[in-house]
Amino acid sequence: MKQKNKFQDNERVILKSTGEEVTILKFNYVPNLKRYSYTIKENPKTFYFEEEIKQS
């Protein structure tokens, strides 16, 4: 099955809200919301959705 997420584990990305460059720790599909969430290495207790992240 092909995954439709935009970002992969260990990929460097930028948080749109702060402009901070971070590293993706892992991603999960959230069936209720029908979108992917991403956890970052720098703050593993917080997750972000694809709309909140952009390519570095």
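Summarised in this report is the structure supplied together with it. These numbers were taken from a predicted model, which means no experiment stands behind them.

Calculation rules
- Residues numbered from 1 in each chain as written.
- Predicted model: local features only at pLDDT ≥ 70, side-chain atom pairs only at ≥ 80, totals over all residues.
- Heavy atoms only, no water.
- Core = buried A, V, L, I, M, F, W, Y, C linked by side-chain atoms within 4.5 Å.
- Buried < 20%, exposed > 50% of the residue type's maximum accessible area, 1.4 Å probe, protein only.
- Helix = DSSP H or I, 4+ residues; strand = E, 2+ residues; numbered from the N terminus.
- Contact = heavy atoms within 4.5 Å.
- Pairing = 2+ DSSP bridges.
- Axes fitted to C-alpha atoms, helices over the stretch in contact; angles between N-to-C directions.

As for the nonpolar core
- Counting eleven residues, the largest nonpolar core consists of Phe7, Val13, Leu15, Val22, Ile24, Phe27, Tyr36, Tyr38, Ile40, Tyr48 and Ile53.
- Looking at this core, the elements that each hand over two or more residues are strand 1 (12-15), strand 2 (21-30) and strand 3 (35-40).
- Those residues in contact with Tyr36, other than ones at most four positions away along the chain, are Gln3, Lys4, Asn5, Phe27, Asn28, Tyr29, Tyr48, Phe49 and Glu50.

A look at the sheet that holds strand 2
- The five strands lie next to each other as 4-3-2-1-5, forming an open sheet whose pairing is antiparallel. Single-partner strands in this sheet number two, and they are strand 4 (43-49) and strand 5 (53-55). Taken pair by pair, the neighbouring strands of this sheet meet at an average axis angle of 50°, ignoring direction.
- In terms of strand pairing, strand 1 meets strand 5 through three bridges, oriented antiparallel. The residue bridging Val13 from the neighbouring strand is Gln55, located in strand 5.

Comments concerning the pairing of strand 3
- Counting buried positions along strand 3 yields five of six residues, so the element is predominantly enclosed.
- By the bridge criterion, six bridges tie strand 2 to strand 3 in an arrangement that is antiparallel. Bridging from a neighbouring strand, Asn28 pairs with Ser37 of strand 3.
- Linking strand 2 to strand 3, which pair antiparallel, is a turn of four residues; within it Lys34 sits at a positive phi near 55°.
- In this sheet, strand 4 lies alongside strand 3 in antiparallel orientation, the contact comprising four bridges. Looking at the pairing, Tyr38 lines up with Tyr48 of strand 4.
- Here strand 3 hands over to strand 4 after two residues, the two strands then running antiparallel side by side.

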